[in-house]
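Spelled out, the chains give:
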Amino acid sequence: MVIFVNFIFENMSEEELNSYRLTSMEEPSDEMLSAIMKEAAEDARKRGEEATRKYFDEINRQAQKIIDERNNS
């Protein structure tokens, strides 16, 4: 299944993918739906990775702030 989805996604132009709009009038083809879902999953993964990085950056920043305050006391 993964190979099939990758084949579809790689062979569908970005313009073709971006031109499709989900409406109640027209259902997407299996190929189009697979490509849309793959793109959404990749976007969610990237946003999750960025959120995790920001979270741990902030924890490290706060920890360093506490260490600096204790060393200066």
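S.K.: Where do I start with the confidence of the model for the chain in this structure?
M.R.: Taken over all residues, the pLDDT of the chain has a mean of 82, while the share at 70 or more is 74%. Of all the helices and strands in the chain, helix H1 (residues 2–11) carries the lowest mean pLDDT, 53, while helix H3 (residues 30–71) carries the highest, 95.

S.K.: For this particular structure, what's the right way to read the packing of aromatic side chains?
M.R.: We describe a pair of aromatic rings using the distance from one ring centre to the other and the angle between the two ring planes. Tallied over the entire structure, the rule returns 1 aromatic pair. With a centroid separation of 5.1 Å and an interplanar angle of 80°, the aromatic rings of Tyr55 and Phe56 are classed as edge-to-face. Under the relative-accessibility criterion, Phe56 is labelled partly exposed at 45%.

S.K.: Which parts of the structure should I look at to understand the pattern of salt bridges?
M.R.: Close approach of charged atoms allows side chains with opposite charge to pair. If you walk through the whole model with that rule in mind, you get 7 salt bridges. One salt bridge in this structure joins Arg45 and Glu49, with 3.1 Å as the shortest N-O distance. Separated by 4 residues within a single helix, Arg45 and Glu49 lie in helix H3, roughly one turn from each other. Given the relative accessible area of 44%, Arg45 is considered partly exposed. The class of Glu49 is partly exposed, set by a relative accessible area of 46%. Of the charged contacts, one joins Arg53 and Asp57 as a salt bridge, the two residues approaching to 2.6 Å between their closest N and O atoms. Here Arg53 pairs with Asp57, and both are found in helix H3, just 4 residues apart, close to one helical turn. On the accessibility criterion, Asp57 (38% relative accessible area) is partly exposed. When salt bridges with common partners are traced through the structure, they connect Glu50, Arg53, Lys54 and Asp57 into a single cluster.

Thresholds applied
Residues numbered from 1 in each chain as written. Predicted model: local features only at pLDDT ≥ 70, side-chain atom pairs only at ≥ 80, totals over all residues. Heavy atoms only, no water. pLDDT = per-residue confidence, 0-100. Helix = DSSP H or I, 4+ residues; strand = E, 2+ residues; numbered from the N terminus. Phe/Tyr/Trp six-rings, centres within 6.5 Å; stacked < 30°, edge-to-face > 60°. Buried < 20%, exposed > 50% of the residue type's maximum accessible area, 1.4 Å probe, protein only. Salt bridge = Lys/Arg side-chain N within 4 Å of Asp/Glu carboxyl O.

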